[in-house]
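# Coordinates in review
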Amino acid sequence: DSGVTQTPKHLITATGQRVTLRCSPRSGDLSVYWYQQSLDQGLQFLIQYYNGEERAKGNILERFSAQQFPDLHSELNLSSLELGDSALYFCASSATEAGVWKSRGANVLTFGAGSRLTVL
Amino acid sequence: DAKTTQPPSMDCAEGRAANLPCNHSTISGNEYVYWYRQIHSQGPQYIIHGLKNNETNEMASLIITEDRKSSTLILPHATLRDTAVYYCIVPHNTDKLIFGTGTRLQVFP
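Keep in mind that what you see is a predicted model, and the values were worked out from it rather than measured. (Residues numbered from 1 in each chain as written. Chains lettered and ligands numbered in written order. Predicted model: local features only at pLDDT ≥ 70, side-chain atom pairs only at ≥ 80, totals over all residues. Heavy atoms only, no water.)

## Examining the interface of chain A and chain B
Contacts between the two partners involve 24 residues from chain A and, on the opposite side, 19 residues from chain B. When chain A packs against chain B, the two sides together hide about 1800 Å² of surface, and 56% of this comes from carbon and sulfur. There are 0 salt bridges connecting chain A and chain B. At the boundary of chain A and chain B, one finds 5 residue pairs in polar contact (both at pLDDT 80 or more). (Contact = heavy atoms within 4.5 Å. Buried area = accessible area lost by both parts, 1.4 Å probe. Salt bridge = Lys/Arg side-chain N within 4 Å of Asp/Glu carboxyl O. Polar contact = N/O pair within 3.5 Å; in protein donor to acceptor, adjacent residues only side chain to side chain.)

Written out as structure tokens, the structure is:
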């Protein structure tokens, strides 16, 4: 158990629907990261939040959105689902402040077990 | 991110040392080298990171060349459970990790 909790573990839904994936970071971690892993595309960075604020954006579609709440848990909302959205979605958290690279420090991410989304 | 180059696949006999190379010739400043691995469909797992000096922890050793342009991850006594994809990552001016294609390590009996 990494300490990062993701729910649900598995989710099956239909095209056009909307789902919400939830992530609880490790205790004390302020940063949350979301990644998508499709069968043929490897791990793709989607978005990062730090203490409730968006800090970095990657290849996140406009149909997707995320937020981090005051209790630091995060949700990834996927809407107007398409077959190609079927993937593993991973959440990661880190203890360091956002922008730690500016201080040339190290930033270690801890990943959750993932949520497997199947769109039929 | 600073570009890293890893062999796509490697084999290793169980009980032997697995040496996974990574080239990061464009590394600059005080950028860290991170190693993660992903066992089939599980979440990526942090292994080790280093800056200039060689590092060792309970999982592995990391050897970084003096010019920092390459590194080697060493699993001293590989087991079947070490079969995974290993990622070498050098974040450049960012906190986020960008995963490449990594090295698929197959440990065989």
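The structure having been displayed, the exposition proceeds.
## Overview of unusual backbone geometry
Cis peptide bonds are those with omega within 30 degrees of zero, and the linkage from Thr7 of chain A to Pro8 of chain A qualifies with -10°. Counting through the fold element by element, Pro8 of chain A comes out in the loop between strand 1 (5-7) and strand 2 (10-13). One non-glycine residue, Ser41 of chain B, lies in the positive phi region at around 65°. For Ser41 of chain B, the location among the structural elements is in the loop between strand 3 (33-38) and strand 4 (45-50). (Helix = DSSP H or I, 4+ residues; strand = E, 2+ residues; numbered from the N terminus.)

## Brief notes about the packing of aromatic side chains
In this structure the tally under the stated criterion is 10 aromatic pairs over all chains. With a centroid separation of 5.5 Å and an interplanar angle of 65°, the aromatic rings of Tyr35 of chain A and Phe45 of chain A are classed as edge-to-face. Of this pair, Tyr35 of chain A sits in strand 4 (residues 31-38) while Phe45 of chain A is found in strand 5 (residues 42-50), placing the two residues 10 residues apart along the sequence. Neither residue differs from the other here; Tyr35 of chain A and Phe45 of chain A are each classed as buried. Measuring from centroid to centroid gives 6.0 Å for Tyr36 of chain B and Phe99 of chain B, while their planes differ by 70°, and the two rings are edge-to-face. Of this pair, Tyr36 of chain B sits in strand 3 while Phe99 of chain B sits in the loop between strand 8 (84-89) and strand 9 (103-108); the two residues are 63 residues apart in sequence, bridging distant segments of the chain. The exposure class of Tyr36 of chain B is buried, given its relative accessible area of 0%. (Phe/Tyr/Trp six-rings, centres within 6.5 Å; stacked < 30°, edge-to-face > 60°. Buried < 20%, exposed > 50% of the residue type's maximum accessible area, 1.4 Å probe, protein only.)

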